[in-house]
Amino acid sequence: MLGEFSGLADIAARSRDLFPPPGPDLPERLRDALGVLELSAGDVRVERRWSDAGLVGEELSWTVGFGPRTRAFLLRPRDAAGPLPGVVAMHCHGGVKWAGKDKIADGPEPPLAEIVRLRTRLYGRRAYAGELARRGFAVLAHDVFAWGSRRFPLTGDQGAPDRHDLGRYDRAAREHEHVLAKACTILGTSFAGVLASEDLAAAAYLRSRPGIASVSTLGLSGGGARAALLGALDPGIRAVVVAAMVSSFRDLRDEHVAAHSWMLFPPGLTRLADWPGVVAARAPAPLMVLYATADPLFPVQGMRRAHHQITAAYRSAPGHYTGVFFDAVHQFDRSMQNAAFTWLTGMVADNYPASRPMKGSQVH
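Residues numbered from 1 in each chain as written. Predicted model: local features only at pLDDT ≥ 70, side-chain atom pairs only at ≥ 80, totals over all residues. Heavy atoms only, no water.

Peer 1: Any chance you could explain the overall build of the chain here in plain terms?
Peer 2: Check the secondary structure of the chain and you find 11 helices and 9 strands. For 364 residues, the compact-globule estimate of 2.2 N^0.38 gives 21 Å, and the chain sits close to it at 19 Å. Its C-alpha atoms give the chain principal-axis dimensions of about 55 × 55 × 35 Å. Per-residue burial for the chain yields a buried fraction of 52% across its 364 residues. (Helix = DSSP H or I, 4+ residues; strand = E, 2+ residues; numbered from the N terminus. Rg over C-alpha atoms; globule rule 2.2 N^0.38 Å. Buried < 20%, exposed > 50% of the residue type's maximum accessible area, 1.4 Å probe, protein only.)

Listed below in structure tokens is the structure:
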């Protein structure tokens, strides 16, 4: 990477001891490097309830102590009996910040056409949180810092962006993310650290709900990065699924670095471990990684390296890590979802980690 300045990479690697083998204290060091904040979901309110297509839903809101109130959807099967396994479903970045949870979960109102188009491209059209809930999970999908209900207004705009001006909003938000990353660094945290702090608060809230037997997490792309960090930072997370968001950093080229947001590149991370080491920091707790080999955002060589590194991290815990390679672009389509949902069902059962075969070119 860096074109004519690529020699900087070799000098930095020698001078800064990049990508060291992760040690057992990686989660603690990661928490410090990210600048994780002590946040909690306070003043929780149920804004609306609804029932549709075999599900019951709640629209929730809470405050983490700064900014607009967080909005979230909690979906459960209508006639569920007994405690349910919970899942914190992470919305993606997707270059779209005027929406968050609505990318992956249906609320009481029909989604905008723009959301349907985004879902079609990334998720095979459906709002997968509802499908996961129908399989017997309590699924929490929440907005997070800078997305949806937590977004920043355009200059002089105190309301939601006009639907005909959504493109302008997201172009402005893309540039504003650089400002946010700088501001977070000044405050002793990081963009990824603030997101992780809010996700930790959401997971703690779901865990506090009556009738929740366990809490797991999953996500695509930027949501996958958030799921990986939550799994590394919260020892109470039962199982983690990361879709289309795992590669070795050392294999990234210019175009791969440029394609991602600050949520993947918190300062100081590579002095702790390569990204696969962070993803595997929860070992031996259950982990699934879905690799998309036609994904232009990551090199296949980096995915293969990541898979080998994570496999090595789980060597003493056979059956707890599953890596599946799909001939797919950057997405979490129905075949990937079905693999993830089936695996999650097995992992949250009392007899986990019974491993089941998954469709894909390679399974471990």
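Peer 1: Sorry if this is basic, but what is going on with the pattern of salt bridges here?
Peer 2: Between side chains of opposite charge, pairing is possible as soon as their charged atoms come close. Evaluated as defined, the whole model comprises 20 salt bridges. A salt bridge links arginine 69 to aspartate 43; the shortest N-O distance between them is 3.0 Å. Taken together, the positions of arginine 69 in the loop between β2 (55–63) and β3 (70–77) and aspartate 43 in strand β1 (residues 42–52) put the pair 26 residues apart, joining distant regions of the chain. According to the relative accessible area criterion, arginine 69 is partly exposed, its value standing at 23%. Arginine 119 is paired through a salt bridge with aspartate 106; the nearest N and O atoms lie 2.9 Å apart. Pair noted here: arginine 119 is in helix α3 (residues 113–123) and aspartate 106 is in the loop between β4 (84–90) and α3, with a separation of 13 residues, a long-range link. The exposure class of arginine 119 is buried, given its relative accessible area of 4%. (Salt bridge = Lys/Arg side-chain N within 4 Å of Asp/Glu carboxyl O.)

Peer 1: Would you explain the packing of aromatic side chains in this entry?
Peer 2: Any two aromatic rings considered together are summarised by their centre-to-centre distance and by the angle between their planes. Counted by the stated rule, this structure contains 13 aromatic pairs. With 5.6 Å between their ring centres and 80° between their planes, tryptophan 50 and phenylalanine 73 make a pair best called edge-to-face. Placement of tryptophan 50 in strand β1 and of phenylalanine 73 in strand β3 is noted, with a sequence separation of 23 residues between them. This pair shows no difference in class: tryptophan 50 is buried, exactly as phenylalanine 73 is. The interplanar angle of 25° and the centroid separation of 6.2 Å between the aromatic rings of tryptophan 147 and phenylalanine 191 together place this pair among those described as stacked. (Phe/Tyr/Trp six-rings, centres within 6.5 Å; stacked < 30°, edge-to-face > 60°.)

Peer 1: Mind showing me how you'd approach the sheet that holds strand β8 (residues 287–292) here?
Peer 2: Strand pairing within a sheet occurs via backbone hydrogen bonds; the two strands may be parallel or antiparallel. Strand order in the open sheet formed by 9 strands is β1-β2-β3-β5-β4-β6-β7-β8-β9, and the pairing between neighbours is mixed. Edge positions in the sheet fall to β1 and β9 (321–326), since each has one partner strand and no second. Each strand axis lies, on average, 20° off the axis of its neighbour in the sheet, ignoring direction. (Pairing = 2+ DSSP bridges. Axes fitted to C-alpha atoms, helices over the stretch in contact; angles between N-to-C directions.)

Peer 1: What exactly am I supposed to notice about helix α10 (residues 300–313) here?
Peer 2: Along an α-helix, a turn takes 3.6 residues, which lines up residues three or four apart on a common side. Here α10 contains 14 residues, and its C-alpha end-to-end distance of 20 Å stays within 8% of the 20 Å for a straight helix at 1.5 Å per residue. Gly302, Met303, Ala306, His307 and Ile310 are the residues of α10 that are buried. Within α10, the buried residues cover an arc of 140° as seen down the axis, which keeps them to one side. For α10, exposure combined with an orientation more than 90 degrees from the buried face picks out Gln301 and His308. On its buried face, α10 sits against α9 (275–279), β8 and β9. (Expected span 1.5 Å × (residues − 1). Arc of directions from axis to C-beta. Contact = heavy atoms within 4.5 Å.)

Peer 1: Honestly, the pairing of strand β6 (residues 212–220) in this entry has me stumped. Any pointers?
Peer 2: Moving residue by residue along a regular strand, the side chains alternate between the two faces of the sheet. Among the 9 residues in β6, 8 count as buried, and that is most of the element. Sheet topology places β4 next to β6; 7 bridges connect them, and they run parallel. Each bridged residue has a counterpart across the sheet, and for valine 87 the counterpart in β6 is serine 216. Bridge count for β6 against strand β7 (residues 237–243) is 5 bridges, and the pairing is parallel. Across the sheet, the residue bridging to leucine 218 is valine 241, located in β7. Regarding the hand of the β-α-β motif, the stretch spanning β6, helix α7 (residues 222–233) and β7 is right-handed. (Right-handed = clockwise from strand over helix to strand, strands pointing away.)

Peer 1: It is not clear to me how unusual backbone geometry should be interpreted in this structure. Could you clarify?
Peer 2: Excluding glycine, most residues fall at negative phi; most peptide bonds, likewise, are trans. The peptide bond linking alanine 283 to proline 284 adopts the cis configuration, its omega dihedral lying at 10°. Relative to the helices and strands, proline 284 resides in the loop between α9 and β8. The backbone of alanine 146 shows a phi angle near 85°, a positive value even though the residue is not glycine. Mapped onto the elements of the fold, alanine 146 is located in the loop between β5 (138–142) and α5 (166–186).

Peer 1: Explain the side chain of glutamate 59 to me, please; I cannot follow it from the model alone.
Peer 2: Position of glutamate 59 relative to the elements: it lies in strand β2. Classification of glutamate 59 by relative accessible area gives buried; the value is 8%. Of the polar contacts made by the side chain of glutamate 59, one reaches the side chain of arginine 71; its length is 3.3 Å. Beyond its immediate sequence surroundings of up to four residues, glutamate 59 is in contact with Arg45, Val46, Glu47, Arg48, Trp50, Arg71, Ala72 and Phe73. (Polar contact = N/O pair within 3.5 Å; in protein donor to acceptor, adjacent residues only side chain to side chain.)

Peer 1: Can you help me understand the environment of leucine 122 in this one?
Peer 2: Mapping leucine 122 onto the fold places it in helix α3. For leucine 122 and histidine 330, which are 208 residues apart along the polypeptide, the C-alpha to C-alpha distance reads 7.2 Å. If sequence neighbours within four positions are ignored, leucine 122 has contacts with Cys92, Leu220, His330, Gln331, Phe332 and Asp333.

Peer 1: Would you explain the environment of phenylalanine 73 in this entry?
Peer 2: Assessed through its relative accessible area of 4%, phenylalanine 73 is described here as buried. For phenylalanine 73, the contacting residues outside a window of four places in its chain are Trp50, Glu58, Glu59, Lys101, Asp102, Ala105, Asp106, Gly107, Pro108, Val139, Leu140 and Ala141.

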